[in-house]
Every structure is written in structure tokens, then in C-alpha cells.
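Architecture at a glance
One-letter residues, chain by chain:
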Amino acid sequence: MSKQPRVVISGAGIIGASTAYYLSLRGVKPIVLDACTPASSASGKAGGFLALDWCEGSTVDSLARKSFALHAELAKDFDCGYRKMRAHSAMLEDEDLKKKPVGGRRGSTTTVPSCFNEMRLRRCQVIGSEDTVAQVHPKLLTEALLEYVVEHGGVVRSHTKAAKLEMDHGRVTGLLVQHESQELELIEADVVVFAMGAWTTESLKYILPEEYPHTLPVVEGLKVHSIVLEDAESRMTPDALFLSHGSKEPEVYPRPDKTVYICGVQSDEPLPTLASMVEPEGEAIEYLQGVACSISDGTPGALLQQQACYLPCSSTNKPIIGELPDISGAFIAAGHSCWGILMGPATGLGLAEKILTRENSFSVNLDPFTPCI
């Protein structure tokens, strides 16, 4: 294209925001839509744990490594809770979580960080150093990237739902959208990106033409719960804790904003129509509070948030990123599972370059993630 393309991005999570940001850096003024509000699902409720090499040996390894480096670069421009961390694994004793054990610390040979109650933890070992793991606050990063987009001429619209892809001879010409008032609007576009997380597959069923002949990988939602606790006295150190407790695997991430994020309870509850309709389940929240009580080297802080979201899991066990077959200008970016926050920047960078050149990105190889079966 001789002039900058008109780009519409459906989905204002970390994937859509990253794509919009890297397009903005290249002079494009994208329109970013969300059926609810920015970061209303996993991008606003995830833990933000980042790992350099935890995907080693898998298809997404190079994507993860590139994105890990991009997070460090973004932290120079955006204050979004980024910091290097250490990571530890441990077994949590299978007993009444809210009952405090009796006794002092077991001794100096343990690898349990001092901010955790080592009397409940067994087989603790270091699994990540400050060279290989870090964290970011996903909601703050998503919002910061979108703020940059708006400051540079782009547009972000909440409560605006993609309804129908408009085409002419196999080429995108626009996107019909539905506002909260049910009013329809046609937005002219040369490129439309679908980055709707766990809602991507269900949405494409009515967005794409009924006669669309290709079978795309399926993105399904996995419901996960989390809580955020206050750490008013800043007792917690930058040490992530990955626990094994029976059939559950809770994760604990102290944050630099004097809070502690804990997640790890899944459920099979069906995907609701909108992210704003997702509600946490009481039993899951109670369990996570029990974990907090058990591992705390003192009294856990006040409960600030109890929440749930859906992770977008692909039927191919890898993200789906690229141009849809036989529709010029229609792109998809979804299915990143629990690594969506980590891989968001590299996905956005690679997709932005691919949109502008119509060639594979020179920064990120997206060929392994092509959207076809």
C-alpha cells in the first residue's frame, strides 16, 4: 500500500493493545474496539509473570524470548510495575490451610524466601533468577499502550462489538459494529484484526461470511480465579512462588505496588456472552484465601480483589497469529493461553510488521502460528 492502511482492531486486551501500539510507532492510527472495556478479561486479571526460557523446546520459544526482551524495553517508557524477580517451586502441605503451624523457622539451609512461612512448604527450590524471570502489571501495561495510541491519533472505543466483516472480492473493506445502544455502524477499513481472547472463535462464527470455506483452530476459554491482597508493610520480596497442593497448583506473585496476587483455581464453567459477566466462584476464592493464610509469615493482608477470567486456549496448543486464508486484510491473534501477557508485545510487533509489509515479520517469525488447520 502506498498510504497507511485503515486498521480496526477488535479486542482491547494485551494482544490488541500491543498490535495497536507497534502500528502507532509506524504512523498508523488504528481504531481499537472492545465489547466491554480495555483489559476487561485476562489482560486485566492475570498475574503478569514473565519468563525468558520456560517455553524452551516448544513452538513458542522464540516468540517468548523476543517478547521477554520487549517487556524490558517497554519498561523504559511505561511505568507499569515491571521488575526482575526470582521464582521458586514448593509443595504445600495438604492440611487445613487456615490453621497456622506451630514452631519457628527450620534453619538457614532452606531456599524458602523469608517472607513466606516455610513451616508449610516442602521441597522448595529455585527455578528462576533475575536474569530469566520478571513481572509486569498487565492492566497497567495494556492501558498505557492504548493511551499512547490515542495520544498519537488512534481511537479506542469501549462497549463496541464486532458484528460483521465487510468484503469485496475477497478483500476487507470494513467492519460492521454494534454499539451498546444496539445501533449499528460501518467502519471502513483495509485491515481488521481479531484479538478477542477467549471470545475469538465464538465471535468469528457470526463475523465471518457463512460460506467461509476454511476451518480455523478453535480458541476456548478456561476459567481461572485470582485474588489480590494488601501488603501494606511491604513485607513481600520479589519472589514468585509456584506451589503444588494436591491437584491444584497455586501461584503467588508479590507486586511492587504493595499487593500480592494469588491464582491457581480452574473451573469448567461455560464462557458467558461478555467478559463483564464473569463472576468468581466462592469456593475458589475461599481456597485462595486459605493458601494466603498458610504461606504467610504473619497475618495475610486485606482482600482487595476477588476475580475470575478466561484464558484463551487454542486447539493447536499454540497461538493463532496471521492473515485468514482467502480474506485479504483479515488477521487473527489469539490463543496464547497462560502466556498471553508474556507474548503480547512480540505478537503485536510481528503482526504490525506483517500488516504493513504483507510479508513475514523481520523481527518475529509468525509462520508457525498461521491460522489454518
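Residues numbered from 1 in each chain as written. Predicted model: local features only at pLDDT ≥ 70, side-chain atom pairs only at ≥ 80, totals over all residues. Heavy atoms only, no water.

A few points about the side chain of serine 40
- With respect to the helices and strands, serine 40 occurs in the loop between strand E2 (31-33) and helix H2 (42-45).
- For serine 40, a relative accessible area of 16% corresponds to the buried category.
- In terms of polar contacts, serine 40 uses its side chain to reach the backbone carbonyl oxygen of threonine 37, at 3.0 Å.
- Those residues in contact with serine 40, other than ones at most four positions away along the chain, are Asp34, Lys45 and Ala275. (Helix = DSSP H or I, 4+ residues; strand = E, 2+ residues; numbered from the N terminus. Buried < 20%, exposed > 50% of the residue type's maximum accessible area, 1.4 Å probe, protein only. Polar contact = N/O pair within 3.5 Å; in protein donor to acceptor, adjacent residues only side chain to side chain. Contact = heavy atoms within 4.5 Å.)

Some details on the nonpolar core
- Within the largest apolar cluster, 60 residues are counted, with the highest numbers of intra-cluster contacts made by Val7, Phe49, Phe78, Leu145, Val193, Met343 and Ile355.
- With eight residues, the top contributor of residues to this core is helix H7 (residues 340-357).
- Among residues more than four places away in sequence, those in contact with valine 193 are Val7, Val8, Ile9, Ser10, Phe331, Leu351 and Ile355. (Core = buried A, V, L, I, M, F, W, Y, C linked by side-chain atoms within 4.5 Å.)

Some thoughts on helix H4 (residues 138-151)
- With 14 residues, H4 ought to run about 20 Å at 1.5 Å a step, and its terminal C-alpha atoms sit 20 Å apart, in line with that.
- When H4 is considered as a whole, its buried residues turn out to be Pro138, Leu141, Thr142, Ala144, Leu145, Leu146, Tyr148 and Val149.
- Phi turns positive, to about 100 degrees, at glycine 153, one or two residues after H4. (Expected span 1.5 Å × (residues − 1).)

Points about the environment of glutamate 283
- Tracing the backbone through its elements, the reader meets glutamate 283 in helix H6 (residues 282-295).
- A sequence separation of 258 residues divides glutamate 283 from leucine 25, and the C-alpha atoms of the two residues are 45 Å apart.

Thoughts on the confidence of the model for the chain
- Per-residue confidence for the chain gives a mean pLDDT of 92; residues scoring 70 or more make up 94%.
- Low pLDDT, under 50, characterises residues 101-109; the stretch is placed with 18 contacts to residues that sit more than four places away or in other chains. (pLDDT = per-residue confidence, 0-100.)

Considering the pattern of salt bridges
- This model, assessed by the stated rule, comprises 13 salt bridges.
- Here aspartate 239 and arginine 86 are joined by a salt bridge, their closest N and O atoms 2.8 Å apart. Residue aspartate 239 is located in strand E14 (residues 239-244), and its partner arginine 86 is located in strand E5 (residues 86-92); the two are separated by 153 residues in the primary sequence.
- Judged by relative accessible area, aspartate 239 falls into the buried class, the value being 3%.
- With a relative accessible area of 30%, arginine 86 lands in the partly exposed category.
- Ionic pairing is found between arginine 157 and glutamate 185, a salt bridge with its closest N-O pair at 2.8 Å. (Salt bridge = Lys/Arg side-chain N within 4 Å of Asp/Glu carboxyl O.)

Focus: the pairing of strand E1 (residues 7-10)
- Alternating positions in E1 separate into two faces, Val7 and Ile9 on one and Val8 and Ser10 on the other, with burial throughout.
- Bridging between E1 and strand E12 (residues 191-194) involves four bridges; their strand directions are parallel. Within the sheet, the bridge partner assigned to valine 8 lies in E12 and is valine 192.
- In the sheet, E1 pairs with E2 via three bridges, with the strands oriented parallel. Looking across to E2, one finds that valine 8 is bridged to isoleucine 31.
- In this fold, the crossover linking E1 to E2 by way of helix H1 (residues 14-25) has right-handed handedness. (Pairing = 2+ DSSP bridges. Right-handed = clockwise from strand over helix to strand, strands pointing away.)

Notes on the sheet that holds strand E10 (residues 171-179)
- Ordered by their spatial adjacency, three strands build an open sheet running E9-E10-E11, and the pairing between neighbours is antiparallel. Either end of the sheet is taken by a strand with one partner, and the two such strands are strand E9 (160-168) and strand E11 (184-188). Geometrically, the sheet is characterised by an average inter-axis angle of 25 degrees between neighbouring strands, direction not taken into account.
- As defined by bridge partners, E9 adjoins E10 across eight bridges and the pair is classed as antiparallel. Looking at E10, one finds that lysine 164 is bridged to leucine 176.
- On top of the sheet, helix H5 (residues 200-207) reaches E9 and E10; it is set at about 50 degrees to E9, its chief contact. (Axes fitted to C-alpha atoms, helices over the stretch in contact; angles between N-to-C directions.)

Comments concerning the packing of H1 against H4
- H4 packs onto H1 with a crossing angle of 35 degrees between their chain directions and a minimal axis gap of 9 Å. At the point where H1 passes H4, the crossing takes the left-handed sense. Of the residues in H4, those in contact with Ile14, Ala17, Ser18, Ala20, Tyr21, Ser24 and Leu25 of H1 are Leu141, Thr142, Leu145, Leu146, Tyr148 and Val149.
- Residue composition of the contact of H1 with H4, grouped by class: 10 nonpolar, three polar and no charged. (Left-handed = near helix turned anticlockwise from the far one by under 90°. Nonpolar A, V, L, I, M, F, W, Y, C, P; charged D, E, K, R; others polar.)

Some details on unusual backbone geometry
- The phi torsion at alanine 39 lies on the positive side, around 55 degrees, for a residue other than glycine.
- Examined against the element boundaries, alanine 39 turns out to sit in the loop between E2 and H2.
- One non-glycine residue, lysine 258, adopts positive backbone phi at about 65 degrees.
- In this structure, lysine 258 sits in the loop between strand E15 (251-255) and strand E16 (259-267).
- Classification of lysine 258 by relative accessible area gives partly exposed; the value is 44%.

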